[in-house]
Amino acid sequence: MRREPPVPRLGTGGLPGGSPSPPPLQPRPRGGARSRFGPARSAGRPAASPGRPESSGPRGVPGGGWRPEPAGLGDAAPGMAAPGPRQRGRSCPCPGLRTRLPVLRWLPRYSSAWLQLDLIAGLTVGLTVVPQALAYAEVAGLPLQYGLYSSFMGCFVYCFLGTAKDVTLGPTAIMSLLVSSYAFHEPVYAILLAFLSGCIQLAMGILHLGFLLDFISSPVIKGFTSAASITISFNQVKNILGLQGIPRQFFLQVYETLRRIGETRAGDAVLGLACLAALAGLRVMKSRLPRAAPAEPLAVRASYLVVWTSATACNALVVLFAGLVAYSFQVMGSQPLTLTGSIPQGLPAFRLPRFSVAAPNGTVPFWSMVEDMGVGLAVVPLMGLLETVAIAKAFASQNDYRIDPNQELLAMGFANILGSFVSSYPITGSFGRTAVNAQSGVCTPAGGLVTGTLVLLSLAYLTSLFYYIPKAALAAVIISAVVPMFDAGIFRTLWRVKRLDLVPLCVTFLLCFWEVQYGIVAGVLVSGILLLYSIARPPIKHLHHAPSSWTVATSAALITQWWWGWQSCSRSCASTASRWPSAACRTLFSKSCCPQT
């Protein structure tokens, strides 16, 4: 039998016959650094079988998964042993299943210490989401119960499919504004929009189209969010002043509000301004609150916990205080405040969304409803994904774990599809509630289960108490939530760094006051035109006189490289008795340089 010649080894210089190649990279030790979502970094990473390469996912992580680790988690459960490769193989024999169900990455190692922190975080976020859900339904132009209907399904779905431990899904100010523009204040349209948006997001996740989000540039996003902050805030001024019958179009809104400012109700104005001041004060107090050290006395630590909890759940406290004031006036027989009114009690029915709607002159079929929503079927899912992925990336980099954008697409798609079955309008990630979740010390996405359960309990037993919540208090909650979205510094930054990016920023910012869809589409088009222009006409620099030192250095490097390659090729061919020269020799110098040719 003829013996095959051995394959020449590559040296450190990348050519045959050089110095011995370095040893292959060894896997990270299993007992070393802390793991994400667990005490050992590689607890969920099985060793590759001999002769079979590991399946790599995003960023080379086996199985396509990342191992998120909350801050301090390694200390929270020091007694929990990290499962080895065999144990991990028995818990989840299918790596692809762990890719599509991220819950399987942390659930086998869940501990009582994590449960305690998740309960605290879930309750804290729940106290924030209930008043915000009622307020955002007002922004969307829907009955208030639809805000609560939209607040629990996303929490449950993201617990199983989400790849970020901090993110919470639910109604937001941006999404409520978009729903107000494309659903025409009709619950049937809003629910169908959630279903179709979920289908589009699910299809994008299956086809791995997350890269499409990169075409929406940062100036367009900043222009949209800044304009939305002003639009949503001014939309709530009418509730602060107690005015009725104000149109929802921005310019007409400004005109009518200024014209009828003399009709302001004193009770609503005083309560609304007081709630705004209380919310601002609590937020400032929380930002300047020094952390209590473990060595401090018990009374100091208890005081810190009370103040921190009060500042974190400031929305719930302000709404509760305003409700007590309104109830007191109701008992005394005079009511100077505009109340929310009755909200239907009980959980929503689980059913398919309606694909047609009754009209005075007949029935509006499905295709007519799709035509009415128009470009909203592209804007709503894209903006929802963009908001969620941006929030997840921000907190992932802050807390040192990775996310999978395509898995986020799947999670968002399932959340909106299943949410439409319980009368939800489109949802997305909430930056404010995600920040509260992270600051509360959440360990896993299981905190969303507690938040969703709290919303369900509110729907089942507390809706009768929501009758006494003043609209001015809900307006104050919305204004305090959206004002930080206005980023004035982006204009100064772009003026100093790249003034041309001010064009899509200003186009988006100005046109969003007219119609949201026009602003976003125009901003994306202008940004794309500027990108194509820079590609079509790249800057060219002509070098008239090259320095002599450059020529000498280049010539010396080429001569040295040729000599080293010729010698390496000669040794390699002689040692292996090969009939052909090495690939490096043929590529660099041609066959004639090799003595074996």
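This section reports on the structure supplied with the text. (Residues numbered from 1 in each chain as written. Predicted model: local features only at pLDDT ≥ 70, side-chain atom pairs only at ≥ 80, totals over all residues. Heavy atoms only, no water.)

**With respect to the layout of surface pockets**
Think of a ball as big as a water molecule: rolled over the atoms, this probe shows where empty space is left. Considering only enclosed or pocket space, the largest pocket measures out at about 1600 Å³ in volume. Looking at the lining of the largest pocket, its residues break down into 26 nonpolar, 14 polar and seven charged. Taken as a whole, the second largest pocket encloses approximately 560 Å³ of empty space. In this structure, the second largest pocket is lined by 22 residues; those nearest its centre are A316, V319, L320, F466 and I469. When residues of the lining of the second largest pocket are traced back to their parent elements, those giving at least two are α5 (112–140), α14 (298–312), α15 (314–332) and α20 (447–462). Broken down by element, the residue count for the lining of the second largest pocket peaks at seven residues, all from α15. Of the residues assigned to the lining of the second largest pocket, the class counts are 17 nonpolar, five polar and no charged. (1 Å grid on protein atoms, 1.4 Å probe; cavity = no way out; pocket = protein on both sides within 12 Å on 5 of 7 lines; lining within 4 Å. Points joined across faces, edges and corners; volume = space filled by probe spheres on them. Nonpolar A, V, L, I, M, F, W, Y, C, P; charged D, E, K, R; others polar. Helix = DSSP H or I, 4+ residues; strand = E, 2+ residues; numbered from the N terminus.)

**Quick notes on the side chain of T340**
Position of T340 relative to the elements: it lies in the loop between α15 and β2 (357–359). In terms of polar contacts, T340 uses its side chain to reach the backbone carbonyl oxygen of I469, at 2.6 Å. Excluding residues that lie within four positions of it along the chain, T340 makes contacts with L144, F466, Y467, I469, P470, K471 and L474. (Polar contact = N/O pair within 3.5 Å; in protein donor to acceptor, adjacent residues only side chain to side chain. Contact = heavy atoms within 4.5 Å.)

**Remarks on empty space enclosed by the protein**
Summed over all chains, the structure comprises four cavities of 30 Å³ or more. What lines the largest cavity is simply C155, Y158, C159, A164, K165, V167, T168, L169, N437, P445 and G448. Among the elements that make up the lining of the largest cavity, the one with the highest residue count is helix α7 (residues 153–161) (three residues). Residue composition of the lining of the largest cavity, by class: seven nonpolar, three polar and one charged.

**Things to note about a nonpolar patch on the surface**
A cluster of nonpolar side chains, contributed by L457, Y461, L462 and L465, occupies part of the molecular surface with about 420 Å² of accessible area. Its place among the elements puts L465 in the loop between α20 and α21 (471–482). (Patch = residues over 30% accessible without salt bridge, like charges linked within 9 Å, V, L, I, M, F, W, Y side chains within 5 Å. Areas by Shrake-Rupley, 256 points an atom, 1.4 Å probe, with all protein chains shown as cover. Salt bridge = Lys/Arg side-chain N within 4 Å of Asp/Glu carboxyl O.)

**Overview of α21**
Its 12 residues place the ends of α21 17 Å apart at the C-alpha level, agreeing with the 16 Å of an ideal helix rising 1.5 Å per residue. Among the 12 residues of α21, 10 are classified as buried, and the element is accordingly described as predominantly covered. Listing the buried residues of α21 in full gives A472, A473, L474, A475, A476, V477, I478, I479, S480 and V482. Residues of α21 that are buried sit in contact with α5, α8 (173–182), α10 (218–235), α11 (237–241), α13 (266–287) and α15. (Expected span 1.5 Å × (residues − 1). Buried < 20%, exposed > 50% of the residue type's maximum accessible area, 1.4 Å probe, protein only.)

**A word on the nonpolar core**
Counting residues in hydrophobic clusters, the biggest one holds 105 residues, and the most contacted among them are L134, L148, L178, V179, F224 and I232. Looking at this core, the element that brings in the most residues is helix α17 (residues 376–399), giving 11 residues. For L134, the contacting residues outside a window of four places in its chain are L144, L148, I343, F466, I469 and L474. (Core = buried A, V, L, I, M, F, W, Y, C linked by side-chain atoms within 4.5 Å.)

**A word on the packing of aromatic side chains**
Considering all chains together, one arrives at 19 aromatic pairs under this definition. Centroid distance F184 to Y189: 5.4 Å. Interplanar angle 90°. Geometry classified as edge-to-face. Ring centres of F234 and F250 lie 6.0 Å apart, and the angle between their planes is 65°; on these two criteria the pair is classed as edge-to-face. Taken together, the positions of F234 in helix α10 and F250 in helix α12 (residues 250–259) put the pair 16 residues apart, joining distant regions of the chain. Here F234 falls in the partly exposed class, since its relative accessible area comes to 23%. Given the relative accessible area of 13%, F250 is considered buried. Site record: aromatic cluster; members linked through ring pairs are F195, F350, F355, F366, W367 and F421. Above the ring of W495, the side-chain terminus of R499 is found at 4.0 Å from the ring centroid. (Phe/Tyr/Trp six-rings, centres within 6.5 Å; stacked < 30°, edge-to-face > 60°. Lys NZ or Arg CZ within 6 Å of the ring centre and 35° of its normal.)

**Focus: the pattern of salt bridges**
Taken as a whole and judged by the stated rule, the model has five salt bridges. We note a salt bridge from D487 to K222, for which the minimum N-O separation is 3.4 Å. With D487 in the loop between α21 and α22 (489–497) and K222 in helix α10, the pair connects residues that are 265 residues apart, well separated along the chain. For D487, a relative accessible area of 25% corresponds to the partly exposed category.

**What about the environment of I417?**
Position of I417 relative to the elements: it lies in helix α18 (residues 405–420). Taking the relative accessible area as the measure of exposure, I417 reaches 12% and is therefore buried. When the C-alpha positions of I417 and L352 are compared, they lie 9.5 Å apart, and in sequence the two are 65 residues distant. Setting aside its immediate chain neighbours within four residues, I417 contacts A194, F195, G198, C199 and L202.

**A few points about the packing of α5 against helix α19 (residues 431–439)**
At their nearest, the axes of α5 and α19 sit 9 Å apart, and the two run at 165° to each other. Considering their axes alone, α5 and α19 lie roughly antiparallel with respect to each other. α5 and α19 meet at a crossing whose hand is right-handed. Each of A121, T124, V125, T128, V129, Q132 and Y136 in α5 lies in contact with α19, whose residues at this interface are R433, V436 and N437. (Axes fitted to C-alpha atoms, helices over the stretch in contact; angles between N-to-C directions. Parallel < 35°, antiparallel > 145°, perpendicular 65-115°, else oblique. Left-handed = near helix turned anticlockwise from the far one by under 90°.)

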